[in-house]
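Fold and geometry: a report
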Amino acid sequence: MDKVVATAAAAVADVPEGASLAVGGFGLSGVPNVLIQALYERGTGGLSVVSNNCGAMDSGLAVLLAAGRIARVTGSYIGANKEFARQYLGGELEVEMIPQGTLAERLRAGGAGIPAFYTPAGVGTQVADGGLPWRYDGSGGVALASPPKEVREFEGTEYVLERGIRTDFALVRAARGDRHGNLVFAKSSRNFNPLAAMAGRVTVAEVEELVEPGAIDPDAVHLPGIFVQRVVALTAEQAADKRIERRTVSS
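My aim in this report is to walk through the structure given alongside it, one point at a time. Small disclaimer: the values here were computed from a predicted structure and weren't measured.

**Concerning the side chain of Glu94**
- By the secondary structure assignment, Glu94 is in strand E4 (residues 94-97).
- Look past the residues within four positions of Glu94 in its chain and what remains in contact with it is Ala71, Arg72, Val73, Trp134, Arg135 and Leu144.

**Overview of the sheet that holds strand E9 (residues 157-163)**
- Strand order in the open sheet formed by 3 strands is E5-E9-E8, with antiparallel pairing between adjacent strands. The open sheet is flanked by strand E5 (116-119) and strand E8 (151-154), the only strands paired with a single partner. For this sheet the average axis-to-axis angle between neighbouring strands, irrespective of direction, equals 40°.
- As paired elements, E8 and E9 share 4 bridges and run antiparallel to each other. Following the sheet pairing, Val151 is matched in E9 by Val160.
- Running at roughly 155° to E5, helix H5 (residues 100-111) makes contact with E5 and E9 of the sheet.

**Focus: the pairing of E5**
- Every second residue of E5 is oriented toward a common face, the buried set being Phe117 and Thr119 and the non-buried set Ala116 and Tyr118.
- Of the pairings in the sheet, the one linking E5 to E9 comprises 4 bridges and is antiparallel in character. Its bridge partner being in E9, Thr119 is matched across the sheet by Val160.

**Things to note about the nonpolar core**
- In this structure, Val15, Leu35, Leu39, Leu47 and Ile70 are the most contacted members of the largest nonpolar core, which totals 34 residues.
- Of the residues forming this core, the biggest block, 5 residues, is contributed by helix H2 (residues 33-42).
- For Leu39, the residues in contact, after removing those within four places along its chain, are Val12, Val15, Leu21, Thr44, Leu47, Leu64, Arg69 and Leu171.
- In terms of nonpolar packing, the next biggest core, distinct from the first, is built from 23 residues, Ala104, Ala174, Phe185 and Ala197 among them.

**Section: the packing of aromatic side chains**
- Summed over the entire model, instances satisfying the criterion amount to 3 aromatic pairs.
- The interplanar angle of 75° and the centroid separation of 5.7 Å between the aromatic rings of Phe154 and Tyr159 together place this pair among those described as edge-to-face.
- For Tyr159, a relative accessible area of 22% gives the class partly exposed.
- Put simply, the rings of Tyr118, Phe154 and Tyr159 touch in pairs and so form one group of aromatic residues.
- If you follow Arg72 out to its NZ or CZ, it ends over the ring of Trp134, 4.9 Å from the centre.

Cut-off values and rules
Residues numbered from 1 in each chain as written. Predicted model: local features only at pLDDT ≥ 70, side-chain atom pairs only at ≥ 80, totals over all residues. Heavy atoms only, no water. Helix = DSSP H or I, 4+ residues; strand = E, 2+ residues; numbered from the N terminus. Contact = heavy atoms within 4.5 Å. Pairing = 2+ DSSP bridges. Axes fitted to C-alpha atoms, helices over the stretch in contact; angles between N-to-C directions. Buried < 20%, exposed > 50% of the residue type's maximum accessible area, 1.4 Å probe, protein only. Core = buried A, V, L, I, M, F, W, Y, C linked by side-chain atoms within 4.5 Å. Phe/Tyr/Trp six-rings, centres within 6.5 Å; stacked < 30°, edge-to-face > 60°. Lys NZ or Arg CZ within 6 Å of the ring centre and 35° of its normal.

That is the geometry; function is a separate question.
Below you can see the structure in the form of structure tokens.
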């Protein structure tokens, strides 16, 4: 029942070349930076990543992206990541862009054992009809486009079929966690973390504070330990390393 692993390097040591990863975080909030850095240092490449975005400000998944370690991204936001856009438009990276709520539900459904579901999001667009560029040819043409999806009508409304997502591994970050893998997320860092954790067959959580079983009120647990296989306790310095994407001040 003790799922604590001594180091981040040991926690990701068996992630193979070409593995699929669900990664928590939104912008710079709740990103498992320590685990991502450990994966970078291990040299693993050819990764298929499922995450809201692909890092920002040379942080998070941007570390793996810049090193050419990511082959495919399933996400909902490119944002201000110029390297992400460059690789995508240059034909170096395959990208499946899907509506943000659909991404969240696809991860949750996969973790809950639901193979597919119907949603109205995307009906009447290329999301349902197909033709979204997944990969460019480097010359402005489309080398690979999304296929059409099944559309059905329920009570007069059309819905598109979306498939649940399961990945080989998941990397997440939590504010507190116990040795059994029960996790608590702080405020906005809760974002995609619980959903990504559910989707991974092997889920690794880096936690800012490691506590003993029973220290977390069961009613306060955001993600039960059944979804977590490995826990890495961060140092005080690692836990305090939280960047701000756009720093603003009032006069």
